[in-house]
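The chain contents come next:
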Amino acid sequence: MADLERKGTQFLLDGEPIRILSGAIHYFRVVPDYWEDRLLKLKACGFNTVETYIPWNLHEPEEGGFCFDGLADVERFIALAGRLGLHVIVRPSPYICAEWEFGGLPAWLLREPDIRLRCMDSAYLSKVDAYYDVLIPRLVPLLSTNGGPILAVQIENEYGSYGNDKEYLSYLKKGLQERGIDVLLFTSDGPTDQMLQGGTLPDVLATVNFGSRPEEEFAKFREYRPEEPLFCMEYWNGWFDHWLKPHHCRDGGDVADVLDRMLNTGASVNFYMFHGGTNFGFYNGANYQEKYEPTVTSYDYDAPLSECGDLTEKYMAVREVLRKHGAKVSEVLPEPARKKGYGTVAMKEAADLFVNLESLSSSVRRSCPEPMEKLGQNYGFILYRTLVTGPRKSQELHLQDVHDRAQVFLDGCWIATVERWEPKPIVVDIPVQGATLDILVENMGRVNYGPRLKDAKGITEGVRLDNQFLFDWTIYPLPLADLSALPFERLTNQSKTSEHPTFFKGEVIIDDIADTFMLLEGWTKGVVWINGFNLGRYWEKGPQRTLYVPAPLLLKGRNEIIVLELHGTDMPELQLVEAPDLG
């Protein structure tokens, strides 16, 4: 049994001074077979603690339906860290940000249009309580006060960046304590007046988040907390990427210098991230400042440990600083995971999405094009179909408003793509006999930070020609959680690939299993599954060029690959290569 406490400006563990040297690893962004490898590399670098968020939407994907296995087996991850000799910091806030879909909030919250998030709203808090009634009892046996590795638990995440409802923060604090959390509680916020005023509680440890200027940032913190330990809970030593923007890199020497200066102040630190991992499936988030910006599939973060778990120059520079400050580093560096290229994989079967709608979806009829959430759908795509009467000449078609990217078809022919970040009307001609209008919308990830968290997906208001709204829609929800019913047909040399969104299927035979990377040259945009596991999204516009395929997802022998290509391809083949390309 161990107890972390604060005494003056330092931490004590069982009465002895301790500096917390922590690194963030999100269990939900790493395949479970690799958890031990990543944790051992953290420890070898000189860290004594691992920090992780807990995403609500992963653990309660549908209201009242809970998941704690596979990628969601948080208890196993925490217990493993303890067995390896690491302390654990847990951040189970209802909201986590983390560049994760909806900041970890479950999409089904948005089925209640009047719900207010992250405040003393009774509808919202009833959902939080129901979740915590299941989650928190799983964590209590793992607390340090019960012989486990968890030293500290966060109340809410960067709340001062969002609100100032102190009653809400106190409610969460009380809820954690009443459910048995008796270890050190804390908040974390940026080091500004507004954030430190809005996001902290007077009787709870406050920590700060920043990426540079530690002397200046800690000085601002000291204006509010002159007698508390210094703790940078998020040292942003890298950064994440958005589609259509450059890949982020930060010099390892600069990262090491800032760390050295931070440790010279006597501070504790948590690297955000030590190892980023991957936004598998549809779990990437998005930002919205001046416009909507979705996050890429890779969460490499330019961290000391790369997306595929390799040591970087940044890792080596950080390790030397930690050694200088008395951390216990391993003199034997861990081996990297094996990588292998498996060459070209031909896609030999195909299934047109429009032709196979009934295999993938149960349609509903509505007067208006409802967003996903109102139809009980969380992720994926949604297709809206209506019949437009004619004749109509040179009318403007408006999607009001589309979240996030729509492909528009008239009588089965593609006419335009409308993107949320660059909305535009489409000029259409409708023949005398009328035409079928299809609009396929991709949910590219809900906003995870800032004032626009309530981010419904699909067509959120309506569709109109000039000023006339179109009514009477058939809607096909396409979560694409199960593709087993999809009937594929053999591709031949004479087959003409459609400009419709199309699923392609191929297989690769593997005898020697290793990590690999999928390169989709000649493809435009879509999603990839391997052996039924959703690897995530690709897009030729980058910056990310390859998708990481961890070895534990592969099978000895036959491996099935399915690609949903949204715009068609003239070369239905892909490459499995031995090195990543993140742009």
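What counts as what
Residues numbered from 1 in each chain as written. Predicted model: local features only at pLDDT ≥ 70, side-chain atom pairs only at ≥ 80, totals over all residues. Heavy atoms only, no water. Salt bridge = Lys/Arg side-chain N within 4 Å of Asp/Glu carboxyl O. Buried < 20%, exposed > 50% of the residue type's maximum accessible area, 1.4 Å probe, protein only. Helix = DSSP H or I, 4+ residues; strand = E, 2+ residues; numbered from the N terminus. Disulfide = S-S within 2.5 Å. Core = buried A, V, L, I, M, F, W, Y, C linked by side-chain atoms within 4.5 Å. Axes fitted to C-alpha atoms, helices over the stretch in contact; angles between N-to-C directions. Parallel < 35°, antiparallel > 145°, perpendicular 65-115°, else oblique. Left-handed = near helix turned anticlockwise from the far one by under 90°. Contact = heavy atoms within 4.5 Å. Nonpolar A, V, L, I, M, F, W, Y, C, P; charged D, E, K, R; others polar. Pairing = 2+ DSSP bridges. Phe/Tyr/Trp six-rings, centres within 6.5 Å; stacked < 30°, edge-to-face > 60°. Polar contact = N/O pair within 3.5 Å; in protein donor to acceptor, adjacent residues only side chain to side chain.

For the structure on display, the rule yields 49 salt bridges. Glu320 is paired through a salt bridge with Arg319; the nearest N and O atoms lie 3.5 Å apart. By relative accessible area, Glu320 is classed as partly exposed at 38%. On the basis of relative accessibility, which here comes to 5%, the residue Arg319 falls in the buried class. In this structure, Arg545 and Glu521 form a salt bridge, with 3.0 Å as the shortest nitrogen-oxygen distance. Taken together, the positions of Arg545 in the loop between β29 (533–539) and β30 (546–549) and Glu521 in the loop between β27 (516–519) and β28 (525–530) put the pair 24 residues apart, joining distant regions of the chain. Look at the salt bridges and you will find they share partners, linking Glu349, Lys505, Glu507, Arg558 and Glu560 into a network.

Here we take up the state of the cysteines. Joining two cysteines, a disulfide is a covalent bond between their sulfur atoms. Counted by the stated rule, this structure contains zero disulfides. Free of any disulfide, Cys45 has its nearest neighbouring cysteine sulfur in Cys232, separated by 16 Å.

Right, let's talk about the nonpolar core for a bit. Membership of the largest hydrophobic core comes to 151 residues, with the highest contact counts inside it found for Tyr124, Phe503, Met518, Ile561 and Leu574. By residue number, the principal contributor to this core is helix α4 (residues 122–139), which donates eight residues. Ranked by size, the runner-up nonpolar core spans 25 residues in total, among them Leu397, Ala416, Val418 and Leu470.

At a minimum axis distance of 11 Å, the contact between α4 and helix α5 (residues 166–178) shows a crossing angle of 25°. Considering the angle they form, α4 stands roughly parallel to α5. The handedness of the crossing between α4 and α5 comes out as right-handed. Where α4 approaches α5, its residues Tyr124, Leu125, Val128, Asp129, Tyr132 and Ile136 are matched on the opposing element by Tyr168, Tyr171, Leu172 and Leu176. Considering only residue class, the contact of α4 with α5 consists of nine nonpolar, no polar and one charged.

On to the sheet that holds strand β3 (residues 16–18), then. Reading across from one edge, β1-β2-β3 is the order of the three strands in this open sheet, with antiparallel pairing throughout. Two strands in the sheet have a free side with no partner beyond their single neighbour: β1 (4–7) and β3. Taken pair by pair, the neighbouring strands of this sheet meet at an average axis angle of 45°, ignoring direction. Two elements, β1 and strand β2 (residues 10–13), share four bridges in a ladder whose sense is antiparallel. Considered in β2, the bridge of Glu5 is made with Leu12.

Below, the discussion takes up helix α1 (residues 35–44). Residues of α1 that are buried: Trp35, Arg38, Leu39, Lys41, Leu42 and Ala44. Those residues of α1 that are buried lie in contact with β4 (21–25), β5 (49–53), α3 (74–83), β11 (268–275), α9 (313–324) and β30. The positive-phi residue at the C-terminal boundary of α1 is Gly46, with phi of around 115°.

The full count for this structure, using the stated rule, is 36 aromatic pairs. Ring geometry for Tyr27 and Phe28: centres 5.1 Å apart, planes at 90°, overall edge-to-face. Owing to a relative accessible area of 0%, Tyr27 belongs among the buried residues under this scheme. When its relative accessible area of 2% is taken as the criterion, Phe28 is described as buried. Between Trp236 and Trp239, the aromatic rings sit 5.8 Å apart at their centres with planes inclined by 80°, giving edge-to-face as the arrangement. You can call Trp236 partly exposed: its relative accessible area is 23%.

By the secondary structure assignment, Val508 is in strand β26 (residues 502–510). Sequence-distant contacts of Val508, that is, excluding residues within four places in its chain, are made with Tyr342, Val345, Gly557, Arg558, Asn559, Ile561 and Leu576.

Describing two packed helices takes the angle between their axes plus the distance from one axis to the other. For the pair helix α7 (residues 214–224) and helix α8 (residues 252–264), the least separation of the axes is 9 Å and the interaxial angle reads 40°. Taken together, the axes of α7 and α8 are oblique relative to one another. The segment α7 lies against α8, with Pro214, Glu215 and Phe218 engaging Val258, Arg261 and Met262. Each residue belonging to the contact of α7 with α8 can be placed in one class, and the counts come to four nonpolar, no polar and two charged.

Once that is clear, we can look at unusual backbone geometry. Negative phi characterises most residues that are not glycine, and trans characterises most peptide bonds. Between Gln400 and the following residue, Asp401, the backbone shows a cis peptide bond with an omega angle of -15°. Checked against the element boundaries, Asp401 lands in strand β17 (residues 392–403). The backbone phi angle of Ala98 is positive, close to 60°, even though this residue is not glycine. One can find Ala98 in the loop between β6 (87–91) and α4. In the Ramachandran plot, Leu244 falls in the positive-phi region, its phi being about 75° despite a non-glycine side chain. Looking at where Leu244 falls in the secondary structure, it is placed in the loop between β10 (231–236) and α8.

Among the structural elements, Lys525 can be located in strand β28. With relative accessibility at 1%, the residue Lys525 sits in the buried group. Looking at Lys525, its side chain comes within polar contact range of the side chain of Glu442, at 2.7 Å. Among residues more than four places away in sequence, those in contact with Lys525 are Arg405, Glu442, Met444, Tyr538, Trp539, Leu564, Glu565, Leu566 and His567.

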